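Observations on chain architecture
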Amino acid sequence: MRADRLVAALLLMQARGRITAAQLATELEVSVATARRDLEALSTAGIPVYPQPGRHGGWQLIGGARTDLSGLSSAEARALFLLAGPASAASEEVRAAMRKLLRALPETYRGEAQAAAGAVVVDPAGWGERVRDRPPAVTLLQEAVVRQQRVRFRYKDAVREADPWGLIDKDGVWYLLAGTDRGQRTFRLDRIGDPTPTGAGFERPDDFTLAAAWDRVVGAIEERRSRTWATVLIDERFLWVLRDHFGRHCHPGEAEADGRVRVRVGAATPRDIARSIAGWGAAAEVVEPSSVRAELVRIGSELTAAYT
């Protein structure tokens, strides 16, 4: 689009001080004649640019004038590049946007902004794990969310239609939060097949915010994931392991006289808790409930039978 080229031309002049039509044509991948028309259009529009003839001539801003197209403070620019830098590794669009924004920043901000862009590397794979592939449906559904277009897709061997309200990336697993004829629903993107815009539009509820809606979904799911609670005694040195495994469903209490800590842990079923505790042998003692203790007895009996 011509508007994009005009902005790019202005940014290049700010960055370099002076630029020829041939240099601009190379940068924007257009003809020299098109680049010259763009430069003349800037001047006609009232931008203080002028051509300087001669061997070392070119177009430049009068008196070194500058147009800060970003409006960002130094701290804001640094924060933005720290956030966007890791994302640019996976997206050419983000890299292009960052290059344009960098050119729009005042000279004094650019050094820190460039350093911030390369200051963080995000490695999404846990130790010993593979990186989860981004579901193919993400790009199409992002467009549908932004454009507020209803979509049709396969889900659990059924064809659904929904109004895509927002997407969530939760630790590498993507979800679609959508409005349906049965109310708000949550769909895992790796189970969605053949998403297609229907051509119909939609309006989000006036009081809808994606963050608040997702918080409610998370709360409901976590409640289902912690219907069973158990009290465990474990050496304080290993408390971090329970915290790492049970996450928000791990609540340490007071230390006992023998140095062990009384901990409350939660999971969906007694079997889920027993499976997580069994590997500790006698180092972790389940005080209650009896249902979890019974599962530990069952696991122990099966292991004894299998390996005796």
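Here goes a summary of the coordinates provided. (Residues numbered from 1 in each chain as written. Predicted model: local features only at pLDDT ≥ 70, side-chain atom pairs only at ≥ 80, totals over all residues. Heavy atoms only, no water.)

This structure, assessed with the given rule, holds 16 salt bridges. Across the pair Arg264 and Glu288 runs a salt bridge, and its minimum N-O distance is 2.9 Å. Taken together, the positions of Arg264 in strand E10 (residues 260-267) and Glu288 in strand E11 (residues 284-288) put the pair 24 residues apart, joining distant regions of the chain. Of the residues examined, Arg264 reaches a relative accessible area of 33% and is grouped as partly exposed. Across the pair Arg298 and Glu302 runs a salt bridge, and its minimum N-O distance is 2.9 Å. Within this pair, Arg298 and its partner Glu302 are both found in helix H11 (residues 290-307), separated by 4 residues, close to a single helical turn. By relative accessible area, Arg298 is classed as partly exposed at 26%. (Salt bridge = Lys/Arg side-chain N within 4 Å of Asp/Glu carboxyl O. Helix = DSSP H or I, 4+ residues; strand = E, 2+ residues; numbered from the N terminus. Buried < 20%, exposed > 50% of the residue type's maximum accessible area, 1.4 Å probe, protein only.)

Turning our attention to helix H3 (residues 32-44). Over its 13 residues, H3 runs 18 Å from end to end, which matches the ideal 18 Å to within 8%, given 1.5 Å per residue. Residues of H3 that are buried: Thr34, Ala35, Asp38, Leu39, Ala41 and Leu42. Summarising the axial view, the buried residues of H3 lie within an arc of 155°, below the 170-degree limit, and thus occupy one face. One or two steps after H3, the chain reaches Gly46, where phi turns positive at roughly 100°. (Expected span 1.5 Å × (residues − 1). Arc of directions from axis to C-beta.)

Moving on to the nonpolar core. Core analysis: the largest hydrophobic core is formed by 18 residues, its most contacted members being Val232, Leu242, Phe246, Val263, Val265, Ile273 and Ile277. Listing elements by their share of this core, those giving two or more residues are strand E8 (228-235), helix H9 (239-246), E10, helix H10 (270-278), E11 and H11. With residues up to four places along the chain from it excluded, the contact list for Ile277 reads Val232, Leu242, Phe246, Ala284 and Val286. (Core = buried A, V, L, I, M, F, W, Y, C linked by side-chain atoms within 4.5 Å. Contact = heavy atoms within 4.5 Å.)

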